Amino acid sequence: MAASLVDGAVEILRTAAPAEKIRLTHALADRWRAGGIELGAGPPPPDRPARPAAPALLLPRDMPKRRSGGGLPSRVALLHALAHIELNALDLVWDLVARFADPALPREFWSDWVKVADEEATHHGLLATRLADLGAAYGDLPAHDGLWQAAEATAHDLLARLAIVPLVLEARGLDVTPQMILGLDRFGDTASADVLRVIYRDEIGHVAIGRRWFDAVCATRSLNPEPTWQDLVRRHFKGALKRPFNTEARDLAGLPADFYEPLAALIDGERA
């Protein structure tokens, strides 16, 4: 049994089997909420989390294009891709806990991220169960190996990690998930759509947690959050902030258009 939250986070990062990773996450979250464990210390996190033998991890350019439409192969491919994203999201949270274990941060900070990890584990479990219902499993298809780049690019600074993971990557999920839900409903797969509704609801909260603590860490460094976030995104995020934005969900999460629109406008200007 883990001696501290950090020790437990590292154990999870070193665990390859997704089902065991989920089990350990729920158990660690329960102990933290019950007050049975402190932040403490532990070994440094691995550079990359342990992964099972499958799925095969490919470079983005080598990934096969997902089929469009509502056929079974298309829906399985979508759910498999989302299961991979949620597994990486889970590891990103535990990497944050283990890598930036500053005892000066309040317990509420760690409680928020334990909650996020617990929910990411639930999301992967829901997607794995739905894949099984459809006669498939996580690992049946290749997966994108670019998702850990955000961790590598921000391993030096908590503020950079908060800027990129919840406020760019998870915020992007708010933009694209409603259309996925509509498509699944349209093709009669309400069970899969219901899983995505759970994920969408929770991820509004994840972005809100990211914004809350981004602002709090900025305050400790006497930084203005908006220009600081924009600068960190320019320096540490290699992709583009893609329109259209789900402004309603972003607003609910406390991420107003003034934050991200200037970067999208800059990218649009560079393409003109």
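Please read all numbers here as calculations on a predicted model, not as lab measurements.

Draft legend 1. Local environment of the pattern of salt bridges. On inspection of all chains with the given rule, the structure shows 23 salt bridges. As a salt-bridge pair, Arg33 and Asp118 come within 3.1 Å of each other at their nearest N and O atoms. Within this pair, whereas Arg33 is found in helix α2 (residues 18-33), its partner Asp118 is found in helix α4 (residues 107-133), the two being separated by 85 residues in sequence. Within the structure, one salt-bridge network assembled from shared partners comprises Arg75, Arg130, Asp133 and Asp189.

Draft legend 2. Structural context of the packing of aromatic side chains. Counting across every chain of the model gives 5 aromatic pairs. Ring geometry for Phe109 and Trp213: centres 5.2 Å apart, planes at 80 degrees, overall edge-to-face. Residue Phe109 is found in helix α4, and its partner Trp213 is found in helix α7 (residues 190-220); the two are separated by 104 residues along the sequence. Summarising the burial analysis for this pair, Phe109 and Trp213 share the class buried.

Draft legend 3. View of the environment of Ser222. Position of Ser222 relative to the elements: it lies in the loop between α7 and α8 (225-236). Given a relative accessible area of 71%, Ser222 falls into the exposed group. Sequence separation between Ser222 and Thr247 is 25 residues, and the spatial gap between their C-alpha atoms is 28 Å.

Cut-offs and rules
Residues numbered from 1 in each chain as written. Predicted model: local features only at pLDDT ≥ 70, side-chain atom pairs only at ≥ 80, totals over all residues. Heavy atoms only, no water. Salt bridge = Lys/Arg side-chain N within 4 Å of Asp/Glu carboxyl O. Helix = DSSP H or I, 4+ residues; strand = E, 2+ residues; numbered from the N terminus. Phe/Tyr/Trp six-rings, centres within 6.5 Å; stacked < 30°, edge-to-face > 60°. Buried < 20%, exposed > 50% of the residue type's maximum accessible area, 1.4 Å probe, protein only.

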